[in-house]
Every structure is written in structure tokens, then in C-alpha cells.
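An overview of the molecular structure
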Amino acid sequence: MSRLIQLADLVAYALFRKYEFGDDSYSSIIQGCFDKDKGQEYGLYIR
């Protein structure tokens, strides 16, 4: 359970850096893991 919380923290930090500072160095790594439908992005999806 602790590992999943740490993973959620890392994802939140990556998205925070992207939207707050325009830095996508971390979010670009997980960009392909978000579900998309008709151009709209939704939650994180792990295959």
C-alpha cells in the first residue's frame, strides 16, 4: 500500500510541475498512460 501512495505522489508531482511551471520533463514520461477519448484526456491508465 505504501508503494502505491508513493506512486501517486510522483504522478501528482509530475503534473504539478507541468501545470504550475510549464516543466514537462517528468510528465512526458507518463504522458502515454492517460486515457483519451475524442481528444479529451482522462485519468491515469496502467496497461
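Predicted model, so just to flag it, every value in this text is computed and none were measured. (Residues numbered from 1 in each chain as written. Predicted model: local features only at pLDDT ≥ 70, side-chain atom pairs only at ≥ 80, totals over all residues. Heavy atoms only, no water.)

**What about helix 1 (residues 2–21)?**
This is how it is decided: Secondary structure counts use DSSP, requiring at least four H or I residues in a row for a helix and at least two E residues in a row for a strand, with both numbered from the N terminus. What a helix is expected to span follows from its residue count: subtract one and scale by 1.5 Å.
Between its terminal C-alpha atoms helix 1 stretches 28 Å, which fits the 28 Å expected from 20 residues at 1.5 Å a residue. Phi turns positive, to about 70 degrees, at glycine 22, one or two residues after helix 1.

**Details of the pattern of salt bridges**
For side chains bearing opposite charge, pairing can occur when the charged atoms are close. Selection criterion: Salt bridge, as used here, is a side-chain nitrogen of Lys or Arg placed within 4 Å of a carboxyl oxygen of Asp or Glu. Any residue under 20% of the maximum accessible area for its type is buried, any over 50% is exposed, and the rest in between are partly exposed; the area is computed with a 1.4 Å probe on protein chains only.
The tally for this structure, following the rule as stated, stands at one salt bridge. The salt bridge partner of arginine 17 is aspartate 23, with a shortest N-O separation of 3.0 Å. According to the relative accessible area criterion, arginine 17 is partly exposed, its value standing at 22%.

**Remarks on the packing of aromatic side chains**
In plain terms, the rule: Side-chain rings of Phe, Tyr and Trp (the six-membered ring for Trp) are treated as a pair once their centres are within 6.5 Å; stacked means planes under 30 degrees apart, edge-to-face means over 60, and tilted covers the remaining angles.
Per the stated rule, a full pass over the model turns up two aromatic pairs. Measuring from ring centre to ring centre gives 5.9 Å for tyrosine 13 and tyrosine 26, while their planes differ by 50 degrees; the resulting arrangement is tilted. Here tyrosine 13 is found in helix 1, whereas its partner tyrosine 26 is found in the loop between helix 1 and helix 2 (27–30), with 13 residues between them in sequence. Tyrosine 26 gets classed as partly exposed once you look at its relative accessible area, which sits at 45%. For the pair phenylalanine 16 and phenylalanine 21, a centre-to-centre distance of 5.6 Å together with 90 degrees between the ring planes defines the contact as edge-to-face. Taking relative accessible area as the criterion, phenylalanine 16 reaches 41% and is therefore assigned partly exposed. Judged by relative accessible area, phenylalanine 21 falls into the exposed class, the value being 52%.

Note that every value here comes from positions in space, so none of it alone points to a role or purpose.
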